[in-house]
Amino acid sequence: MRTWRVLRWALGAIAVAAFIYFVMVPLAGTFETVGIWLTETVGLAGVFFYVYIVDTLILPASVDILFPFVLTWSPVPLLAVVGVASFLGGCSGYLIGHNLNRLTVVARLTKIETNTHVAFIARYGMWGVIGAALLPMPFSTVSWLAGMVGLDPVKYVYGALFRIPRMIATFFLLRESVILLS
């Protein structure tokens, strides 16, 4: 019985990996192009939209791709928009994960004893979210998983708030690096 469960989980993981490889990876350049277009054409509203979508959905895109294009913008409004959009996107991802876990198939796949990533979030909780918020980890994926394992929403919010200082630090480190190398 255990062998069948492991086999089903492995086949599910292979199917997801194949989907990502054949569908999402070819679109990665498109996501980056859309982000650059939104930044240059729509301004702060475009930045908000791009960051929110990238941090809500599990996409082969990164918020960090925008920073080289906005280094000359005024940092206070830009970082306020980026920080809030990233935080709200993570919270939306948490809600998606929480609601996805209501599906029987997803709930079975996310049982703690069969999935090491889910076990990581279940074990470290808020600290796992803080790590994803501060480090270059897939924040949207961790947000979905936190919702799936039923992490306390207050603990999730506290952890996700660390996304704001990460955006600020990334912007200023990149900007100062460009100035230093100029």
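For the structure itself, look to the data block above.
Quick caveat, the model's predicted, so the values are computed rather than measured.

Conventions adopted
- Residues numbered from 1 in each chain as written.
- Predicted model: local features only at pLDDT ≥ 70, side-chain atom pairs only at ≥ 80, totals over all residues.
- Heavy atoms only, no water.
- Helix = DSSP H or I, 4+ residues; strand = E, 2+ residues; numbered from the N terminus.
- Contact = heavy atoms within 4.5 Å.
- Salt bridge = Lys/Arg side-chain N within 4 Å of Asp/Glu carboxyl O.
- Buried < 20%, exposed > 50% of the residue type's maximum accessible area, 1.4 Å probe, protein only.
- Core = buried A, V, L, I, M, F, W, Y, C linked by side-chain atoms within 4.5 Å.

Chemist: In this structure, what is going on with the side chain of Ser86? I would like to understand it.
Modeler: Looking at where Ser86 falls in the secondary structure, it is placed in helix H4 (residues 75-100). Other than its neighbours up to four places away in sequence, Ser86 contacts Val51, Asp55, Phe139, Arg163 and Met167.

Chemist: How should the pattern of salt bridges be read in this particular structure?
Modeler: Where side chains of opposite charge bring their charged atoms close, a pairing between them can arise. All told, the structure shown has three salt bridges when counted by the stated rule. The residue Arg163 makes a salt bridge to Asp55 at a minimum N-O spacing of 3.3 Å. Of this pair, Arg163 sits in helix H10 (residues 163-181) while Asp55 is found in helix H3 (residues 44-56), placing the two residues 108 residues apart along the sequence. Taken as a pair, Arg163 and Asp55 share a single burial class, namely buried. Ionic pairing is found between Arg175 and Glu176, a salt bridge with its closest N-O pair at 3.7 Å. In this structure Arg175 comes out as partly exposed when scored by relative accessible area, which is 23%.

Chemist: I'm lost on the nonpolar core in this one. Help?
Modeler: For soluble globular proteins, the rule of thumb is that nonpolar side chains tend to be buried together. The biggest cluster of nonpolar side chains holds 18 residues, and the ones touching the most others in it are Val47, Val51, Val63, Phe67, Leu78, Val82 and Phe171. Only H3, H4 and H10 provide two or more residues apiece to this core. Examining the composition of this core, we find that five residues originate from one element, H4, more than from any other. Formed by 16 residues, the second largest nonpolar core is a distinct cluster that contains Phe87, Val129, Ala132 and Leu151.

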